[in-house]
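# Structural features, examined
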Amino acid sequence: MRWEPLLIIILMASLSGLLIVTTTHKHRWFALLTLAYLTGLAAILFTPISFSGTGIYIMPVGFGRVNLTHLDLVNLGFAENILLTLPLGLLLKWVVPRMSLWGVGTFGLFVGSSIETMQYILSQHWLINRSSDINDVLANALGILIGGMVVAIYFRIRQQRTRVVA
């Protein structure tokens, strides 16, 4: 019962991978890399598999906890969540370059809130023992925003270089 989310993730990733491989797409490698990242992210976030700084372990059965008030923005877990979602911000701004950084930040808050809400729901239903934490929402939003800023800076530099060359 606790492993149903992982089975769903694997099934969806397999079907998506088959669709990517069977279509003739010039950026197939990019699509497969994106699928691998999103599959890994989903496995980390929505299954009882947990990663500490030194190892991988399976979380015990439980409902998890909820933290909506205690802010702790300076710790390793906060930095890990930023790094975890940074590629999502890179991808978002790369695919939708006209999106403003305010839009990227808002999207980040939406994604962070959605992740934590889903972790709460899955913990209640499948006992995956995931915690829902306001610090994670903020770290996810910040990671997505930083990723979007990196791509925006890249686009700006590339645009200035093409003006100088032309």
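What counts, and at which threshold
- Residues numbered from 1 in each chain as written.
- Predicted model: local features only at pLDDT ≥ 70, side-chain atom pairs only at ≥ 80, totals over all residues.
- Heavy atoms only, no water.
- Helix = DSSP H or I, 4+ residues; strand = E, 2+ residues; numbered from the N terminus.
- Buried < 20%, exposed > 50% of the residue type's maximum accessible area, 1.4 Å probe, protein only.
- Contact = heavy atoms within 4.5 Å.
- Core = buried A, V, L, I, M, F, W, Y, C linked by side-chain atoms within 4.5 Å.
- Patch = residues over 30% accessible without salt bridge, like charges linked within 9 Å, V, L, I, M, F, W, Y side chains within 5 Å.
- Areas by Shrake-Rupley, 256 points an atom, 1.4 Å probe, with all protein chains shown as cover.
- Salt bridge = Lys/Arg side-chain N within 4 Å of Asp/Glu carboxyl O.

## Examining unusual backbone geometry
You will see that Leu 127, though not glycine, has its phi angle at about 55°, which is positive. With respect to the helices and strands, the residue Leu 127 is situated in the loop between α4 (101–126) and β4 (132–133). Taking relative accessible area as the criterion, Leu 127 reaches 24% and is therefore assigned partly exposed. Although it is not a glycine, Asn 129 adopts a positive phi angle of roughly 65°. Looking at where Asn 129 falls in the secondary structure, it is placed in the loop between α4 and β4. Given the relative accessible area of 17%, Asn 129 is considered buried.

## Description of the side chain of Asn 140
Within the secondary structure, Asn 140 is located in helix α5 (residues 134–165). Its relative accessible area of 3% is what places Asn 140 among the buried residues. Those residues in contact with Asn 140 that lie beyond four places of it in its chain are Asn 81, Thr 85, Gly 108, Gly 112, Ile 115 and Glu 116.

## Section: the nonpolar core
The biggest cluster of nonpolar side chains holds 14 residues, and the ones touching the most others in it are Leu 45, Phe 46, Val 111, Ile 115, Leu 122 and Ile 144. Of all the secondary structure elements, the ones that give two or more residues to this core are α2 (28–46), α3 (76–95) and α4. A total of five residues in this core trace back to one element, the largest contributor, which is α4. Here Leu 45 is in contact with Leu 84, Ile 115, Gln 119 and Arg 130, once residues within four sequence places are set aside.

## Comments concerning a nonpolar patch on the surface
A cluster of nonpolar residues, Val 66, Leu 68, Met 118, Tyr 120 and Ile 121, forms a patch on the protein surface that exposes about 480 Å² of accessible area. When residues in the nonpolar patch are grouped by element, the largest group, three residues, is from α4. Tracing the sequence through the fold places Tyr 120 in helix α4. Residue Tyr 120 is classed as partly exposed on the basis of its relative accessible area of 39%.

Nothing here speaks to function; it is geometry throughout.
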